[in-house]
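# Structural description and commentary
The primary structure of each chain is shown beneath.
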Amino acid sequence: MFTLEQRMVFLENDKLERALGAPQVSRKQWEDWKRRMETREEGDDSAAAKRAEDILHIAQKIGTKVGTIDMRDGPQSTGTWNMILNRDDREEIAGDIAEVGYKWAEVSGGQLWHKAIENGMNPFDLLKTDKKHLGKVPASSLFRGANLFGFEPRGTDVIDFVVRRYMENGGGSSRQEAKICRVFDAANDEKNVAATIAAVIQNNKEVSQWNTQARKNNSLPEQERGDGWEDIPLKNFGHIQAASSYQPPREVESINDRGEIEMREIYGVDYYVGHFQKLIQVAEETGGKLDSLVVKDMSGQLTAEVAEKLIPALRQLDLPVFLHIHATNYEATLATIKQAAKQGIDGVEVATGVLAKGSSHADVRDVFSQDEEENLMPIDLENLTKYEGQLRTIVDENMRTDLKLDEDIRKLFLSLGIPGGAFNAVKDDIERELAPRFENDFRTAALAFAKEMKVLQTEMRWIQLVTPTANTVCKQAVWNVMTNGQGRFAHIDENFANLVLGYMGDFTDHARDEKIEFDPQVIHSVLQFCGKVKKGEQHVAAPEKYPEPQIALQHPTETVVDEMKTAKTEIQPLLDFVGGDYKKFANSDELAAMHLMRPPGEIGKTAIERILISEEYEDKLEESIEMLSDIITNRSTGGTFQKIGDGYDVQLFEHIRGKEGIYEAVSGYLNDSFSLDDLVQKIKKDVSDSISKEPMFEHCSEFIYRKICLIYLLAFSKRLERSREFTKRESQKNEKNSHLEVWKKNMNERLGDPFES
């Protein structure tokens, strides 16, 4: 329970919610009020005593803030994305979150970027809509360091553009409503997050200068403004929240000064203190400072015992500290949250109702029922009940994929550090790749995977498993089980090779500031495998070094150049094909960012294409898809189709993509130049040369061509939402820009241009 002394310290440090009416007072006044509160006699009704009572009443409301992950990590961890991406539903959820009294809401970043694109939504616009309905509740986004929302480092021009656009669409012009930019790196490598932190700091510097001058000029008497004047719009701040990905204390092998192997602890309290100190230094070297810190525990491994030591140690860094913790081990997670609140942590994240528990986060109701000592800032329980009911109409709990895993398997994955958000992908890999090798016994396959995973993580010194290291290490463990008859590491996943050879960043023991050395045999296996791979066979680490791959000589962020210009050139043919209609969805810079960080796999290659097809084609596309679907679903799946399997279709589709005339063929069909049969024949003609060179395509039937045609039309059928107000908004923007030019001209004449620098 917070002591009065602790609460007063909170107030002195201005950590009280402004909504509670935190008074602005000097330290001398605080000391005076504190003395009066300690010494006042019973019945003292003086003004000073009354004021002291008011301050005490405010102080008693101070506690740990509670935020929600219902709009981002909740759907990702439970596999319910498709239920919570409807724009109308998100608007209602955001409004309910504001009514409940959550202090912030994670609404964007992470996997949501890909899911939005896959579902035909502009992630920049989606964030803007979410923020609009959240009102004054700060919106939070998760950035994967320099990777932003993808899986590899991006150029500083891309980082700067995305960060600024996220501030514009999701932030507020006051620090209290600032867009929370949670920046993390899977390797806890401070170099991987430096550019993103710097982009937010630079944005804030410019916004502060802009808003100060704008408010000053907006307050001018009307007669001094001149013709065509209107209030200058304020710009939005960002809140920089630096994260450290959590791994519990582990015993790992290390080589001492005498060259002897010994065991030592890693990932203790000193590790996280050291990491956060480096992140603070990164911000200071950029000319700014962090706003808060967050411990990012993706699989509920932080215990109450460790939290009792870790939270006070982090609070000594003089920044607000938050906790993001999954509830895979439910009762233990509740105990950890209770202990963290008792230690004065500034905020914790929870889920609500049908989006809680399992691989997600603790249920807000269970968290508050544990709060016997009133360490949490209160929420509106009546509105919470209404919100829970609304969520049940949107999310079907029976469709949650995380709950289809037995609890003991979930806890087994937890012990390995596999994050809740990756459970679904791991489950799918085991079912698809390993279970058939164990007579379709999922449980036996899962245990074999877990056994290999433990060995592999021991060799990898128990690195944090977060996106993308979680997917990478788990995928390699699957490969090691699959190729067991040929020996471990008979096949090496390209991303695993990149990780081991240093092309994802540096792994450091921040307590000692020493490099974490992987098992030498793992490094040797990777180098040996990569050396046998010929160019073009597989993209693995340092392809330019074949046939002599080597450990990275430069940090991955040092090798990335500016990318926006190149990306815009790559998508220009598509924009030419679509015409000016693409502007109704996004501008070319936004599309370039989406192209660079598009979803992985086949769906990512067509995602941008399918969302830009003009809406007048929608009815015809739906009719064609229905017709082709009937042909395919009513036909026997025996014979050739059963033999070749789904992978065959993907390879055929690969041959279709990029062929000259394919856009013209689809466009001709949509514009009634020829029939559906003509389109099928056109596709056959365009790919016949390629197919004839592939033996597996020898028996390709008309049915398969039609199926490929269907795939292609589906790729074009799901377009992104249009804004019918686009032209109007563009006009308004141009009009505002003209006012802005008048303002800047006036400022030049009176004070000189304040933004010239």
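Residue positions are counted from 1 within each chain, in the order its sequence is given. Predicted model: local features are reported for residues with pLDDT of at least 70 only, side-chain atom pairs are reported and counted for 80 or more only, and whole-chain, interface and lining totals are derived from all residues. Excluded from the side-chain calculation are hydrogens and water; included are all heavy atoms of the structure.

### Points about the overall build of the protein chain
Across its full length, the protein chain carries 30 helices and twelve strands. Each residue is placed in one exposure class: buried if its accessible area under a 1.4 Å probe, protein chains only, is under 20% of its type's maximum, exposed if it is over 50%, and partly exposed if it falls in between. Considering the protein chain as a whole, with its 757 residues, one finds that 53% of them fall into the buried category. Note on areas: Shrake-Rupley with a 1.4 Å probe; residue coverage comes only from the protein chains shown. Within the structure as shown, the protein chain displays about 34,600 Å² of accessible surface, and the carbon and sulfur contribution to it stands at 46%. Counting from the N terminus, the helices are DSSP H or I runs at least four residues long and the strands are E runs at least two residues long.

### With respect to helix α12 (residues 330-342)
Here, expected helix span is obtained from the residue count minus one, scaled by 1.5 Å. For α12, which comprises 13 residues, the first-to-last C-alpha distance of 19 Å matches the rise-based estimate of 18 Å (1.5 Å per residue) to within 8%. Within α12 the residues assigned to the buried category are Tyr-330, Thr-333, Leu-334, Thr-336, Ile-337, Gln-339, Ala-340 and Ala-341. In this description, contact between two residues means that some pair of their heavy atoms is separated by no more than 4.5 Å. Contact partners of the buried residues in α12: α11 (304-315), β9 (321-325), β10 (347-350) and α13 (364-369). Positioned one or two residues after α12, Gly-344 has a phi angle of 85 degrees, which is positive.

### Details of the side chain of Asn-188
Its place among the elements puts Asn-188 in the loop between β4 (179-183) and α9 (190-218). Once residues lying within four places of it in the same chain are set aside, the contact partners of Asn-188 are Ser-244, Ser-245, Tyr-271, His-275, Gln-464 and His-510.

### Examining unusual backbone geometry
A cis amide bond, omega 5 degrees, links Thr-467 with the succeeding residue Pro-468. On the secondary structure map, Pro-468 appears in the loop between α17 (442-459) and α18 (469-482).

### Notes on helix α20 (residues 520-532)
In a regular helix each residue adds 1.5 Å, so 13 residues correspond to 18 Å; α20 covers 19 Å between its end C-alpha atoms and thus fits that length. Looking at α20, one finds that the buried residues are Val-522, Ile-523, Ser-525, Val-526, Phe-529 and Cys-530. Buried residues of α20 fall within an arc of 160 degrees about the axis and therefore sit on the same side. Residues of α20 that are exposed and angled more than 90 degrees away from the buried face: Pro-520 and Lys-532. Taken together, the buried residues of α20 touch α17 and α19 (494-500). The arc refers to the directions leading from the helix axis to the C-beta atoms.

### Notes on the pairing of β4
Of all five residues making up β4, five are buried, and the element is well covered by its neighbours. For two strands to count as paired, DSSP must find a minimum of two bridges between them. In terms of strand pairing, strand β3 (residues 139-143) meets β4 through four bridges, oriented parallel. Bridge pairing in β4 links Ser-141 to Cys-181. Handedness rule for crossovers: strands pointing away from the viewer, path from the first strand over the helix to the second running clockwise, crossover right-handed. At this point the chain moves from β3, through helix α8 (residues 156-170), to the parallel β4, and the crossover so formed is right-handed.

### Points about the packing of α9 against helix α10 (residues 269-285)
Interaxial distance between α9 and α10 falls to 9 Å at its minimum, and their mutual angle equals 45 degrees. One element, α9, and the other, α10, form an angle in the oblique class. Of the two possible hands of crossing, α9 and α10 adopt the one that is right-handed. On α10, the residues that touch Glu-190, Val-193, Ala-194, Ile-197 and Ile-201 of α9 are Lys-278, Leu-279, Val-282 and Ala-283. Its residues assigned to classes, the contact of α9 with α10 shows seven nonpolar, no polar and two charged. Every axis in this analysis is a line fitted to C-alpha atoms, fitted for helices over the stretch in contact. Angles between the N-to-C directions lie between 0 and 180 degrees. The cut-offs work like this: below 35 degrees is roughly parallel, past 145 is roughly antiparallel, 65 to 115 is roughly perpendicular, and the gaps in between are oblique. Note: crossing handedness is left-handed where the near helix turns anticlockwise from the far helix by less than a right angle, and right-handed where it turns clockwise. Each residue is assigned to one of three groups, with Ala, Val, Leu, Ile, Met, Phe, Trp, Tyr, Cys and Pro labelled nonpolar, Asp, Glu, Lys and Arg labelled charged, and all others, Gly among them, labelled polar.

### Here we look at the environment of Ala-567
Here Ala-567 shows up in helix α21 (residues 564-578). Linking Ala-567 and Ala-593, residues 26 residues apart in sequence, is a C-alpha distance of 7.7 Å. Dropping the residues within four chain positions of it, Ala-567 is found in contact with Ala-592, His-595 and Leu-596.

### What about the nonpolar core?
Side-chain atoms within 4.5 Å link the members of a nonpolar core, which is a set of buried Ala, Val, Leu, Ile, Met, Phe, Trp, Tyr and Cys residues. Counting 148 residues, the largest nonpolar core has Val-162, Leu-290, Ile-418, Phe-449, Val-500 and Leu-612 as the members making the most contacts within it. Looking at which element gives the most residues to this core, the answer is α10, with eight residues. Contacts of Val-162, omitting those with residues within four sequence positions, involve Phe-124, Phe-143, Leu-148, Phe-149, Ala-593 and Met-597. Counting residues in hydrophobic clusters, the runner-up holds ten residues, among them Trp-104, Leu-142, Ala-243 and Phe-322.

### What to know about the environment of Glu-190
Among the structural elements, Glu-190 can be located in helix α9. Glu-190 gets classed as buried once you look at its relative accessible area, which sits at 18%. The spatial distance from the C-alpha of Glu-190 to the C-alpha of Leu-279 is 6.0 Å, given a sequence separation of 89 residues. If we skip the residues at most four places from it in the chain, Glu-190 touches Lys-278, Leu-279, Val-282 and His-510.

### A closer look at the packing of aromatic side chains
For Phe, Tyr and Trp, rings pair up if their centres lie within 6.5 Å, where Trp contributes its six-membered ring, and each pair is then called stacked (planes under 30 degrees apart), edge-to-face (over 60) or tilted (otherwise). For the coordinates displayed, the defined rule picks out 15 aromatic pairs. With a centroid separation of 4.9 Å and an interplanar angle of 25 degrees, the aromatic rings of Trp-113 and Phe-149 are classed as stacked. One end of the pair, Trp-113, is in helix α6 (residues 112-118); the other, Phe-149, is in the loop between β3 and α8, with 36 residues separating them in the sequence. As far as the burial class goes, Trp-113 and Phe-149 line up, both buried.

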